[in-house]
Amino acid sequence: MSKKSKKEVKNFQNHLKDEKSPYLLQHASNPVDWYPWGDEAFKKAKDENKPIFLSIGYSTCHWCHVMARESFQDPEIGQLMNENFISVKVDREERPDIDSVYMTVAQMITGTGGWPLTVIMTPELKPFFAGTYFPKESGPRGAGLKDIILNIRDLWNDERGDLLGSAEDITSSLQEISHGTSGQELPEEIINQAYESLQENFDQKYAGFGTYQKFPTPHHLLFLLRYWKHTGKDEALKMVEKTLDALRRGGIYDHVGFGFHRYSVDREWMVPHFEKMLYDQALLIIAYTEAYQATGKLKYRETAEEVIEYLLRDMKSPEGGFYSAEDADSEGEEGKYYLWSKDEIIRILGPDQGELFSKVYMVMQDGNYTEEATGKKTGKNILYLKETMKELSSQLKINPDELWWKMEDAREKLFQTREKRIHPHKDDKILTDWNGLVITALAMAGKVFDRKDYILIAEDALNFIMTQVQGDGLLMHRWRDGEAAVDANLDDYAYLIWGLLELYEATFQSTYLKLAIKLNQILLDHFWDQEEGGFFFTSDHAQKVLVRQKDAYDTALPSGNSVENLNLQKLYLLTGNTKTEDTALALEKYFSPLITQSPSAFTMFLSGTLLNTGPSFEIVIVGEKNKEDTETMLNIIKKRYLPNSTLLVKYQDNNLNKVVANVEGKKMIDNQATVYICGNGTCYPPVNTPDALINLLKSIF
């Protein structure tokens, strides 16, 4: 190759060069002539009669980086792909609608899924091949990408009719999956069945669910907390506490800088996959906050506040929104930013403090972290706690408070040192749905912990979404570098409505309730399936991607239909609007055939069902804003775990009557803040003293 041609290869920029997605920009200089998803690529595929090579991933995905290094940055692979395909790159976080459709295809064809997702399809976007990560060359790790390209080239040239027939069959099956038939209301025993399934799958020794690649799945914990409150079964609460304790002690938690890694590759929660996702932080803040409400144990509040500290320090944009994720890799190595050698710790902390820290956090001289590929020890350590601080203080014969302060001092020194390392890549796009979860978490934590600063930050994030991530009066999905793009999906609306409802109960500003009702109406107008029921993932005006999907299955994230079920139940309790109740019932009927087959896969949906099953209660406080008696009554309610209730506050000046009809006629008694509680077919006599309220709550809840 001449010097000129080498320079041309080095300076080559494909069709991704003007994109905003950090993931697409990572691939803009690949020798593969990538196109973004769109008509230009599809037309070229039709004009040149070539199949489309679709690759889906995200910027903080470890195995996406591996496949990029091995194959997409390789000139030989680039030439082969350019000769035989029109290649399209998609950021799954920017376009979850595309990812969801083709991930379903991969699961249909291979029985599994993951990222990077590799799909080969006709110029009409109909898939006939799917897989995930492929090495460049065939070998012990499986079929190589080079051989796959050559095989599909030959099949496309010689047996195209078979490929096209297969693509038609797969597309037909996909369309069938996207249609359903409504059933009956969910039977009462479905709640118990979901609990029993979770109990059966619970790891009694190490907590969590399953045995390999354990994810936190906070929505399971939220369901179990509600189930415990509903039934009084202590085992449900024990499962929650055991899991939250294990997560906080394990290597999945960043003990130096706070925040949770995405999942654990081992049963003991020790070895994490090091990337940090915004949605995990938000959902776990919610879980720890509710656990604090349920148990009063300070350790859960402390964990929630530490995770919030991480978000505010590392993930908050100057504009007010929150960034999406931090990479697992730094300097090309997974976990390098987070790992420590014992010599390094002794050097930073000194012999005495360093040895004590090493005993507490399981630091070994030869390291406790093993390279996944080779199985060899690296000499590096993941920090984790084998026992609780209380147990360790007893073993080490150190006062618990003294041990905590020593470890906090050590943590701060290590944090300052780590800050000087090369940081993992940060995906700085701002997503409406994930920010909706953060708004939910901050509003809830602000309310429960009496942290007005958290509430203000949640309000700032909401203001950013509502002013910057919009187009033609409708929400958009993604904002980056001054540009809002991609039509909002079901998750964007559902998660943001959840956040608005929590913000209302944290501030009692009726504008938040009004906005929740407005966004909910957009969902009903543009996402609701008028023929069969259920909410589509995409709106009726969004670009169609092969099929318009509808599902309620919870993955690492709760599904939009599940969260919207909870929203509808809350909105009905708050407003008394019977149309909202009717929609919730229709939603339940549409998904009931699927839910009855595998209840524990729909725990977030069933959390909403529990609110509907009841008994559920509406609590209304009538008082004067910022007056001591009103605040006292509010604090009594806020600190309690009352998931089967909604809370309204009627001030003299908040115009709540215009939003909620059933606060009409409720007044202060004897000029004191007064609480009205209705539910389960009964309205209890109003109370206007703290003792009377405490006694009433004890008798009801």
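Computed from a predicted model, the values in this text were never measured in an experiment.

Trainee: How do you make sense of the overall build of the protein chain when you look at a structure like this?
Mentor: Summing up its helical and strand segments, the protein chain has 26 helices and 20 strands in all. In terms of its C-alpha atoms, the protein chain occupies a principal-axis envelope of roughly 90 × 70 × 45 Å. A burial count over the protein chain gives 58% of its 701 residues as buried. In the protein chain, 68% of the contacts between residues at least 6 apart in sequence involve partners at least 24 apart. Of the roughly 28,700 Å² of accessible surface on the protein chain, a fraction of 47% belongs to carbon and sulfur atoms. Averaging the locations of the 79 positively and 105 negatively charged side chains of the protein chain gives two centres separated by 4 Å.

Trainee: Hey, could you run me through helix 10 (residues 218–231) in this one?
Mentor: Side chains three or four residues apart in an α-helix point the same way, a direct result of the helix having 3.6 residues per turn. Compared with the 20 Å implied by 1.5 Å per residue over 14 residues, the 20 Å span of helix 10 between its first and last C-alpha is a close match. Among the 14 residues in helix 10, 11 count as buried, and that is most of the element. Among the residues making up helix 10, those that are buried are Pro218, His219, His220, Leu221, Leu222, Phe223, Leu224, Leu225, Arg226, Tyr227 and Trp228. Residues of helix 10 that are buried sit in contact with helix 9 (189–201), helix 11 (234–249), helix 12 (278–295), helix 20 (490–507) and helix 24 (603–613). Phi turns positive, to about 80 degrees, at glycine 232, one or two residues after helix 10.

Trainee: Any chance you could explain the pairing of strand 15 (residues 474–480) here in plain terms?
Mentor: For strand 15, the buried fraction is high: 6 of the 7 residues fall into the buried class. With 2 bridges connecting them, strand 14 (residues 470–471) and strand 15 associate as antiparallel partners. In the strand pairing of strand 15, glycine 471 is matched with leucine 474. A loop of 2 residues connects strand 14 with strand 15, the two strands running antiparallel in sequence, and aspartate 472 in this loop sits at a positive phi of about 55 degrees. Bridging between strand 15 and strand 16 (residues 483–487) involves 4 bridges; their strand directions are antiparallel. Across the sheet, arginine 478 pairs through a bridge with alanine 485, a residue of strand 16.

Trainee: Please explain the nonpolar core as it appears in this structure.
Mentor: The nonpolar side chains of soluble globular proteins are, as a tendency, buried together. By size, the foremost hydrophobic cluster in this structure holds 180 residues, and its most contacted members are Phe223 and Leu513. Ignoring anything within four residues of it in the chain, the contact list for leucine 513 reads Leu501, Tyr504, Leu571, Leu574, Leu648, Leu656, Val659 and Val660. Membership of the second largest hydrophobic core comes to 27 residues, among which are Ala45, Val90, Leu117 and Met121.

Trainee: Got a minute to help me understand the sheet that holds strand 12 (residues 426–427) in this structure?
Mentor: In sheet architecture, strand pairing relies on hydrogen bonds along the backbone and comes in two forms, parallel and antiparallel. Ordered by their spatial adjacency, 3 strands build an open sheet running 8-9-12, and the pairing between neighbours is antiparallel. Because the sheet does not close on itself, it has two edges, and the strands there are strand 8 (276–277) and strand 12. Bridge count for strand 8 against strand 9 (residues 325–326) is 2 bridges, and the pairing is antiparallel. Across the sheet, the residue bridging to lysine 276 is glutamate 326, located in strand 9.

Trainee: Quick question: what am I supposed to make of the sheet that holds strand 1 (residues 35–36) here?
Mentor: Strands sit in the order 1-3-2-4-5 across an open sheet of 5 strands; the sheet is mixed. The two strands at the open ends of the sheet, each matched to only one other strand, are strand 1 and strand 5 (127–131). Direction of pairing for strand 1 relative to strand 3 (residues 86–91): parallel, over a ladder of 2 bridges. Bridging from a neighbouring strand, tyrosine 35 pairs with valine 88 of strand 3. Sitting on the sheet, helix 6 (residues 96–110) touches strand 2 (52–57), strand 3, strand 4 (117–121) and strand 5, and the angle it makes with strand 5 is about 85 degrees.

Trainee: Is there a simple way to explain the layout of surface pockets in this structure?
Mentor: Which parts of space are left empty comes out when a probe the size of a water molecule is rolled across the atoms. Of the volumes computed, that of the second largest pocket is approximately 890 Å³. Looking at the lining of the second largest pocket, the elements that each hand over two or more residues are helix 11, helix 13 (298–315), helix 16 (389–396) and helix 17 (400–418). In the lining of the second largest pocket, the residues fall into 11 nonpolar, 3 polar and 13 charged.

Trainee: What am I meant to see in empty space enclosed by the protein here?
Mentor: A full pass over the atoms with the stated rule returns 4 cavities of 30 Å³ or more. Taken as a whole, the largest cavity holds about 90 Å³ of empty space. Considering the residues around the largest cavity, the lining is formed by 13 residues, among which Tyr253, Asp254, His255, Tyr338 and Leu383 are closest to the centre. When the residues that make up the lining of the largest cavity are grouped by side-chain class, the tally is 8 nonpolar, 3 polar and 2 charged.

Trainee: What should I look at first to understand the pairing of strand 4 in this one?
Mentor: It is a general feature of regular strands that their side chains alternate between the two faces of the sheet. Burial analysis of strand 4 places 5 of its 5 residues in the buried class, which makes it a mostly covered element. In strand 4, alternate side chains face the same way, and those of Leu117, Val119 and Met121 on one face and Thr118 and Ile120 on the other are all buried. Across 5 bridges, strand 2 lies against strand 4 in antiparallel orientation. Paired with serine 55 across the bridge in strand 4 is threonine 118. The sheet contact formed by strand 4 and strand 5 spans 4 bridges and is antiparallel. In the sheet register, valine 119 faces strand 5, and the bridge partner there is alanine 130. The antiparallel pairing of strand 4 with strand 5 creates a hairpin that spans 5 residues between the two strands, and leucine 125 there sits at a positive phi of about 75 degrees.

Reading the values: the criteria
Residue numbering note: each chain is counted from 1, following its sequence as written. Where local features are concerned, this predicted model is filtered to residues with pLDDT of at least 70; where side-chain atom pairs are given and counted, the filter is 80 or more; whole-chain, interface and lining totals use all residues. Hydrogens and water are ignored here; the side-chain numbers use all heavy atoms of the structure. Helix and strand assignments follow DSSP, with helices taken as H or I runs no shorter than four residues and strands as E runs no shorter than two, numbered in order from the N terminus. Each residue's exposure class comes from its accessible area (1.4 Å probe, protein chains only) as a fraction of the maximum for that residue type: buried when under 20%, exposed when over 50%, partly exposed otherwise. Contacts are residue-level and defined by heavy atoms, with any inter-residue pair within 4.5 Å sufficient. Note on areas: these come from Shrake-Rupley sampling with a 1.4 Å probe, and a residue is covered only by the protein chains present in the view. The positive count covers Lys and Arg only, the negative count covers Asp and Glu only, and His and the chain ends enter neither. Where a charge lies is defined by one atom per residue type: Lys uses NZ, Arg uses CZ, Asp uses CG and Glu uses CD. Expected helix span is taken as 1.5 Å per residue step, with the number of steps being one fewer than the number of residues. Here, strands pair whenever DSSP counts at least two bridges between them. Here the nonpolar core consists of buried residues drawn from Ala, Val, Leu, Ile, Met, Phe, Trp, Tyr and Cys, with membership extended through side-chain atoms lying within 4.5 Å. Lines are fitted to the C-alpha atoms to define the axes, a helix being fitted only along its stretch in contact, and any angle between axes, read from their N-to-C directions, falls within 0 to 180 degrees. Put plainly, a pocket is an open set of points on a 1 Å grid over the protein atoms alone with protein on both sides within 12 Å along at least five of seven lines, a cavity is a set where a 1.4 Å probe fits but cannot get out, and a lining residue has an atom within 4 Å of a point. Grid points are joined across faces, edges and corners, and a volume is the space filled by probe spheres set on the points. Under the scheme applied, nonpolar residues are Ala, Val, Leu, Ile, Met, Phe, Trp, Tyr, Cys and Pro; charged residues are Asp, Glu, Lys and Arg; polar residues are all the others, including Gly.

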